[in-house]
Amino acid sequence: NAGVTQTPKFQVLKTGQSMTLQCAQDMNHEYMSWYRQDPGMGLRLIHYSVGAGITDQGEVPNGYNVSRSTTEDFPLRLLSAAPSQTSVYFCASSYSSGRTSEQFFGPGTRLTVL
Amino acid sequence: KNQVEQSPQSLIILEGKNCTLQCNYTVSPFSNLRWYKQDTGRGPVSLTIMTFSENTKSNGRYTATLDADTKQSSLHITASQLSDSASYICVVVSGAGSYQLTFGKGTKLSVIP
């Protein structure tokens, strides 16, 4: 199993550009989520999905869109990049949304918006 | 508001020494507490998950304790190795509503030879 994979590893955007961060998992996990990690702060939840076709907002959803057409993939779209979106983005998955279900994180995408 | 506070922010220890990291939380109601290890440039990796009824859990040289009454947890690392250099993140899962995780800011541990 590859686990949770993310592409790209690094990305530089100009203000106003759009892009999609890719996330895939091969563990047949139902629950997937996106976080951002900023210096001096804990990880913050952007969006999550409890299964194909179902998504919901997390703590910091503004400026981001998600969709979940398959169990395996959960892409994160930046609609119009802003410098405040400079961050490291992590995708995570777990077998279910049960509260003791272990979360597996991807390696992250480091995004810089100029 | 649910909060998780970790201390110290950073710690430097000599290889072979032991250390203890602290986590205090105000998440209520409580479901479980997790410790993650995050190497530089990598995603977090789970070390332990402890529910309300568990007060100690070990994973190799890592031992986590939980006191649900005082809402405190600690992560003890025994006989530290250079590979233990990482950030250690405490995460508390709420026992109400949707699957909600509250993350601490982490403790950055440096193990030096």
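Attention here is on the structure that accompanies the text.

Procedures and definitions
- Residues numbered from 1 in each chain as written.
- Chains lettered and ligands numbered in written order.
- Predicted model: local features only at pLDDT ≥ 70, side-chain atom pairs only at ≥ 80, totals over all residues.
- Heavy atoms only, no water.
- Helix = DSSP H or I, 4+ residues; strand = E, 2+ residues; numbered from the N terminus.
- Rg over C-alpha atoms; globule rule 2.2 N^0.38 Å.
- Buried < 20%, exposed > 50% of the residue type's maximum accessible area, 1.4 Å probe, protein only.
- Areas by Shrake-Rupley, 256 points an atom, 1.4 Å probe, with all protein chains shown as cover.
- Salt bridge = Lys/Arg side-chain N within 4 Å of Asp/Glu carboxyl O.
- Pairing = 2+ DSSP bridges.

Digging into the overall build of chain A
Right, so step 1: Per the secondary structure count, chain A includes zero helices and eleven strands.
Right, so step 2: The order of helices and strands in chain A, counted from the N terminus, is β-β-β-β-β-β-β-β-β-β-β.
Right, so step 3: A compact globule built from 114 residues would reach a C-alpha radius of gyration of about 13 Å, and chain A, at 13 Å, matches this within 12%.
Right, so step 4: Its C-alpha atoms give chain A principal-axis dimensions of about 40 × 30 × 25 Å.
Right, so step 5: The proportion of buried residues among the 114 residues of chain A is 47%.
Right, so step 6: Put simply, chain A shows about 5200 Å² of open surface, and 51% of that area lies on carbon and sulfur atoms.

Here's the deal with the pattern of salt bridges
Residue and element names in this part refer to chain A.
Right, so step 1: One pass over the full model with this rule turns up five salt bridges over all chains.
Right, so step 2: Ionic pairing is found between Asp38 and Arg44, a salt bridge with its closest N-O pair at 2.8 Å.
Right, so step 3: Owing to a relative accessible area of 10%, Asp38 belongs among the buried residues under this scheme.
Right, so step 4: Taken together, the shared-partner salt bridges in this structure form one network comprising Arg36, Asp38 and Arg44.

Description of the pairing of strand 11 (residues 109-113) of chain A
Residues and elements named next belong to chain A.
Right, so step 1: Of the two faces of strand 11, the one lined by Thr109, Leu111 and Val113 is fully buried and the one lined by Arg110 and Thr112 carries no buried residue.
Right, so step 2: For strand 2 (residues 10-13) and strand 11, the ladder comprises four bridges, and the chain directions are parallel. Paired with Leu13 across the two strands is Val113, which belongs to strand 11.
Right, so step 3: Where strand 9 (residues 87-94) and strand 11 come together, three bridges link them in antiparallel fashion. Residue pairing in the sheet places Val88 in a bridge with Arg110 of strand 11.

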